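Summary of structural features
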Amino acid sequence: MPKVINSQDPEFKTKSMLLFWSKGYNSVSPEELASKLEVSVSTIYNKFGKNHLFVDALQHYVSSEGDPTMESLRNASDGRDALKRIFYPLVDVLKDGTLPSSCFMINTVVELKTQMSEVNGIYDYYFSLLDRSFKEVLERMHRLGEIESLGRIPEYVQFLQSMAFGLSTLHKIKSKQELYAHVDEQLSLLI
């Protein structure tokens, strides 16, 4: 009996997500994609399409990696320590190699923002989610007396985004302990 192929299967999406995340869209051939997903090349061309699989993989990244992380940040009751619980595991993942290094979303924007319009809506959603989550934790930090001015929150949101994406590069030249210290130093700048 032939294998039933369902592109909505989480395992199927995870396999394609990890492949695209580690290599980028343009570097993944249909043959490599077919091999990774255990389907024929003709199935890639005729049933799914590389673009469709990529968009599904990027949406899966947001729902499996971004949404849960940002939800935990928004639902926390503390401030600065909640940010550490986001950034320290990011350091761990980057240093341990459990996931491809750097952010799939940033890689995608750099590679495809002008080439694939379907990516723009996902990108916009992801960054608005990041902005909203950081804004909520910063407002909580203000209520807790951890930061003084509500007026600086928009600047701090941008700062936290830059910090997250900067770790994707810094992990290549710093040890895990140095990165933890870097996170602490950077978060101490939020006043």
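Remember, predicted model here, so these are calculated numbers, not experimental data.

Some words on the overall build of the protein
Helix and strand counts for the protein stand at nine helices and zero strands. Walking the protein from its N terminus toward its C terminus, one meets helices and strands in the order α-α-α-α-α-α-α-α-α. Judged by the C-alpha coordinates and their principal axes, the protein covers about 60 × 35 × 30 Å. Out of the 191 residues in the protein, the part that is buried amounts to 44%.

Concerning the nonpolar core
Most often, soluble globular proteins keep nonpolar side chains buried together rather than apart. Core analysis: the biggest nonpolar cluster contains 59 residues, and Leu83, Phe87 and Leu138 have the highest contact counts within it. Examining the composition of this core, we find that ten residues originate from one element, helix α7 (residues 118-143), more than from any other. Those residues within four positions of phenylalanine 87 in sequence are excluded, and the remaining contacts are Phe134, Leu160, Met163, Ala164, Leu167, Val183 and Leu187.

Topic: the packing of helix α4 (residues 50-75) against helix α5 (residues 80-96)
The angle between the axes and the distance between the axes are what describe a pair of packed helices. The contact between α4 and α5 brings their axes to 9 Å, and the two run at 165°. As judged from the angle between their axes, α4 and α5 are roughly antiparallel. In this structure, α4 crosses over α5, and the sense of that crossing is right-handed. For the pair α4 and α5, the contacting residues are Thr69, Met70, Ser72 and Leu73 in the first and Ala82, Leu83 and Ile86 in the second. Here the contact of α4 with α5 is built from residues that sort into five nonpolar, two polar and no charged.

Some thoughts on unusual backbone geometry
Even without a glycine there, the phi angle at glutamate 38 is positive, about 60°. With respect to the element layout, glutamate 38 can be found in the loop between α2 (30-37) and α3 (41-48).

As for the pattern of salt bridges
Charged atoms that come close allow side chains of opposite charge to pair. In the structure shown here, the tally under the stated rule is nine salt bridges. Lysine 15 is the salt-bridge partner of glutamate 38, the closest N and O atoms lying 3.2 Å from each other. Pair noted here: glutamate 38 is in the loop between α2 and α3 and lysine 15 is in helix α1 (residues 10-23), with a separation of 23 residues, a long-range link. A relative accessible area of 21% places lysine 15 in the partly exposed class. Here arginine 85 makes a salt bridge to aspartate 78, at a shortest N to O gap of 2.8 Å. Here aspartate 78 falls in the partly exposed class, since its relative accessible area comes to 22%. Each of Glu11, Lys15 and Glu38 takes part in one network of salt bridges that share partners.

As for the packing of helix α8 (residues 153-170) against helix α9 (residues 176-188)
α9 packs onto α8 with a crossing angle of 165° between their chain directions and a minimal axis gap of 12 Å. What the angle tells us is that α8 and α9 run roughly antiparallel. Where α8 crosses over α9, the handedness of that crossing is right-handed. Residue-level contacts link Phe159, Leu160, Met163, Leu167 and Leu170 of α8 to Leu179, His182, Val183, Gln186 and Leu187 of α9. The class makeup of the residues in the contact of α8 with α9 is eight nonpolar, two polar and no charged.

Reading the values: the criteria
In this numbering scheme, every chain counts its residues from 1 along its sequence in written order. Given that this is a predicted model, residues contribute local features only at a pLDDT of at least 70 and side-chain atom pairs are listed and counted only at 80 or more, while totals for whole chains, interfaces and linings are drawn from all residues. Side-chain numbers come from the whole structure's heavy atoms, not from hydrogens or water. Numbering goes from the N terminus for both helices and strands, where a helix is a DSSP run of H or I of at least four residues and a strand is a run of E of at least two. We call a residue buried when its accessible area falls under 20% of the maximum for its residue type, exposed when it is over 50%, and partly exposed in between, using a 1.4 Å probe and counting protein chains only. Throughout this description, the term nonpolar core refers to a set of buried Ala, Val, Leu, Ile, Met, Phe, Trp, Tyr and Cys residues connected via side-chain atoms within 4.5 Å. Residue contacts are counted whenever heavy atoms from the two residues lie within 4.5 Å of one another. Angles here are taken between N-to-C directions and fall from 0 to 180 degrees, while the axes themselves are lines fitted to C-alpha atoms, restricted in helices to the stretch in contact. Should an angle fall under 35 degrees it is called roughly parallel, over 145 degrees roughly antiparallel, and 65 to 115 degrees roughly perpendicular, with every other angle called oblique. The crossing is said to be left-handed when, going from far helix to near helix, the turn is anticlockwise and less than a right angle, and right-handed when the turn is clockwise. Under the convention adopted here, Pro, Cys and the residues Ala, Val, Leu, Ile, Met, Phe, Trp and Tyr are nonpolar, Asp, Glu, Lys and Arg are charged, and Gly plus all remaining residues are polar. For this document, the term salt bridge refers to a Lys or Arg side-chain nitrogen within 4 Å of an Asp or Glu carboxyl oxygen.

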